[in-house]
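Geometric and topological summary
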Amino acid sequence: WFQRRSKTKQTYPGQIDNFVAGGLTEGRGVLETAIKEGGEEAGLTADQCRLQPTGSISYLHRSERGIHPLTEFVFDVELADSWRPTNTDGEVDEWILCPVAKIFDILYSEDLKLTSAPVIIDFLVRHGILNIENEPQLPIISELLHTSLHNFASVPI
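Just so it is clear, the model here is predicted, and its values are computed rather than measured.

1. Let's talk about the environment of His68
By the secondary structure assignment, His68 is in strand E4 (residues 66-76). His68 gets classed as partly exposed once you look at its relative accessible area, which sits at 25%. With 15 residues separating them in the primary sequence, His68 and Pro53 have C-alpha atoms 24 Å apart. Among all residues touching His68, those that are not within four sequence positions of it are Tyr59, Leu60, His61 and Ser63. At a separation of 3.5 Å, a polar atom in the side chain of His68 contacts the side chain of Ser63.

What follows is the structure in structure tokens.
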């Protein structure tokens, strides 16, 4: 599933985004935030929110405000074929069910939110869809998904 962000969102209005995403806030852990966002954005219940942590990706993102290091924690969730997402917070205008064979169409779409692409590429690599046989630049791509951001931090980690 992909979502089309609400046209009223302050950032990336109307663009295609990953299934569920959200920023961390103080006092809330990564898994807790993912479950909260799953409920708000897609109507996932606690029973349906059996998230499988798959790691994280880190990269540099350039916006009108400059260059920013980003780390995204990634989860997979398996849902019943009959399940359909329901937005509850007004941040999603549309849901897009996309077969794996069509993910590249989303990835190459100008409607895709730029910062969603690394999560999609990570999925494709983890599931063997993007591999060294069909993408000779895979080592470079993998390295770019795991940029060592501590070199850019002003505070020692």
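From this point, the discussion proceeds with the structure in view.
2. With respect to the packing of aromatic side chains
For the structure shown, the criterion picks out 3 aromatic pairs. Relative to Trp83, the ring of Phe19 lies with its centre 6.0 Å away and its plane at 80 degrees, an arrangement referred to as edge-to-face. In this pair, Phe19 is assigned in the loop between strand E2 (16-17) and helix H1 (30-42) and Trp83 in the loop between E4 and strand E5 (92-96), connecting sequence segments 64 residues apart. According to the relative accessible area criterion, Phe19 is buried, its value standing at 14%. Overall, Trp83 belongs to the buried group, its relative accessible area being 11%.

3. Looking at the pattern of salt bridges
This model, assessed by the stated rule, comprises 11 salt bridges. Salt bridges here are not isolated pairs; linked through shared partners, they connect Arg4, Glu94 and Asp111.

4. Quick look at unusual backbone geometry
In the Ramachandran plot, Tyr12 falls in the positive-phi region, its phi being about 50 degrees despite a non-glycine side chain. Residue classification places Tyr12 among the partly exposed residues on the basis of a relative accessible area of 27%.

Calculation notes
- Residues numbered from 1 in each chain as written.
- Predicted model: local features only at pLDDT ≥ 70, side-chain atom pairs only at ≥ 80, totals over all residues.
- Heavy atoms only, no water.
- Helix = DSSP H or I, 4+ residues; strand = E, 2+ residues; numbered from the N terminus.
- Buried < 20%, exposed > 50% of the residue type's maximum accessible area, 1.4 Å probe, protein only.
- Contact = heavy atoms within 4.5 Å.
- Polar contact = N/O pair within 3.5 Å; in protein donor to acceptor, adjacent residues only side chain to side chain.
- Phe/Tyr/Trp six-rings, centres within 6.5 Å; stacked < 30°, edge-to-face > 60°.
- Salt bridge = Lys/Arg side-chain N within 4 Å of Asp/Glu carboxyl O.

Such coordinate-based values are descriptive only and should not be taken to indicate function.
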